[in-house]
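Here are the chains, one letter per residue:
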Amino acid sequence: MTPDGKRQYQRVADQLLKGINSEKWRPGDRLPTQEQLAEQFGVSRATINEALRVLREKRLIVTRQGSGTFVRGGPQEGAAPSRSGAPVEVGHEDDDVWAVVSESIPPVLLKPYLEEAFEATEVRLDVFSMTTESLAARVSDQKNRIMTGVIQPPRSIRARLMLPDCDSPHLAIPRPVDGSDDPRVRRRLKGILQSHATMLREALFELRYQGFVPEVEVEVRLVPFSPQMKLYILNRRLALQGLYVTEEGTIPLPPDREEVEIFDAYGTGATLFPYRASADATPDQVGIVRTFQAFFDSNWDNLAARADF
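Student: Any chance you could break down the packing of helix α4 (residues 111-118) against helix α5 (residues 133-147) for me, citing the residues and the numbers?
Tutor: One way to put it is that α4 packs onto α5 with a least axis distance of 10 Å and a crossing angle of 45°. Our classification of the angle between α4 and α5 gives oblique. Our pair here, α4 against α5, has a crossing hand that is right-handed. Taken together, the residues of α5 that come into contact with α4 (itself represented by Lys111, Leu114, Glu115 and Phe118) are Leu135, Arg138, Val139, Gln142, Arg145 and Ile146. Partitioned by chemical class, the residues of the contact of α4 with α5 number 5 nonpolar, 1 polar and 4 charged.

Student: Which residues make up the packing of aromatic side chains, and what values go with them?
Tutor: Using the criterion set out here, one finds 5 aromatic pairs in the structure. Ring centres of Phe128 and Phe225 lie 6.3 Å apart, and the angle between their planes is 75°; this geometry places the pair in the edge-to-face category. Of this pair, Phe128 sits in strand β5 (residues 122-128) while Phe225 sits in the loop between β8 (215-223) and β9 (229-234), and the two are 97 residues apart along the sequence. Judged by relative accessible area, Phe128 falls into the buried class, the value being 2%. Each ring, one from Phe296 and one from Trp300, has its centre 5.7 Å from the other, and the planes form 15°; the classification is stacked. On the criterion of helical spacing, the pair formed by Phe296 and Trp300 is a turn pair, its members being 4 residues apart in helix α7 (residues 283-302). Take Trp300: its relative accessible area is 2%, and that puts it in the buried class. The rings of Phe128, Phe225 and Phe295 are connected pair by pair, giving a single aromatic cluster.

Student: For α5, give the residues involved together with the corresponding values.
Tutor: Between the first and last C-alpha of α5 there are 22 Å, a value that for 15 residues agrees with the 21 Å anticipated at 1.5 Å per step. When we look at burial in α5, the residues that qualify are Ser134, Leu135, Ala136, Arg138, Val139, Ser140, Gln142, Lys143, Arg145 and Ile146. Just downstream of α5, Gly149 is the residue with a positive phi angle, here 80°.

Here is what the cut-offs are and how they apply
- Just so you know, the residues in each chain are numbered from 1, in the order the chain's sequence is written.
- pLDDT decides what is reported in this predicted model: residues at 70 or higher carry local features, side-chain atom pairs at 80 or more are listed and counted, and totals for whole chains, interfaces and linings draw on all residues regardless.
- The side-chain quantities take in all heavy atoms of the structure and omit both hydrogens and water.
- Lines fitted to the C-alpha atoms define the axes, with helices restricted to the stretch that makes contact. Angles between their N-to-C directions range from 0 to 180 degrees.
- Helical segments are the DSSP runs of H or I of at least four residues, strand segments are the runs of E of at least two, and each set is numbered from the N terminus.
- Every angle not falling under 35 degrees, over 145, or within 65 to 115 is termed oblique; those three ranges are roughly parallel, roughly antiparallel and roughly perpendicular.
- Helix crossings fall into two classes, left-handed where the near helix is turned counterclockwise from the far one by less than a right angle and right-handed where it is turned clockwise.
- Residues are treated as being in contact if the distance between any of their heavy atoms lies within 4.5 Å.
- Gly falls in the polar group here, along with every residue not listed as nonpolar (Ala, Val, Leu, Ile, Met, Phe, Trp, Tyr, Cys, Pro) or charged (Asp, Glu, Lys, Arg).
- Think of it this way: a Phe, Tyr or Trp ring, Trp meaning its six-membered ring, pairs with another when their centres are within 6.5 Å, and the plane angle makes it stacked under 30 degrees, edge-to-face over 60, tilted otherwise.
- Each residue is assigned to one of three classes by its accessible area relative to the maximum for its type, calculated with a 1.4 Å probe on protein chains only: buried under 20%, partly exposed between the two thresholds, exposed over 50%.
- Helix span is expected to be 1.5 Å times the residue number reduced by one.

Function-wise, these values are silent; they only describe arrangement.
Rendered as structure tokens:
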């Protein structure tokens, strides 16, 4: 079945998010024109317009009349870096809503936070996600920075990856839209999950095998439910949180590539919001990071089982 317009624009939006997250387009960079994007993805300009609308609603891009579409970033878009920890007021028609975030810099980028984490003497990564796809590529980048002498090697690296148990028939996503359990859908997720977790693990252990980092530990545990959020806790001081948005899509499944409509958590470039516990952080910020750490530790200790791969 050919994807309908909605699925096409969501697919394009997802690919653009991946490009922003991987810094193919950095804050302030201009995206290709709509004509170029339409040709690249083989879709109509109307589909490109819808995909860009999705990114504008997420406040990831801005369109300037006569100039083009740019990745948000910089004071002109109201994203000036700040570590003051002051509450940020969010407008609402009926009442006042306050949200405390540690930094108002472009939240979608994982790379700068990971670079900062790997410059520490001891690196600690606690990760709760669907597949670790975003993280695996960024960790490989950090491995290369260490091996080429860009940064000093840390004394130790410890990574704990908490992922969904794809053998559990009770996962909420991915799942066929009719609510049934199709083991082929779960096996597909398991293949993706194992591939990226293995990539991450091999990148870190290469640092030990090559003599750069004497202590490396990577442990993968599985929980019998689908994550509703992506959570990175870096060196127990910085928490990056992103929410998975459930979308309907169509995937081909073996052995005859039958197309099955499923609910899944699309969006490798899911927006991440940072919370920092540091000397200049407010008690609220410190409390948020500690709460995320307690959430991770409790699930890791009580519900997660060691992965057999």
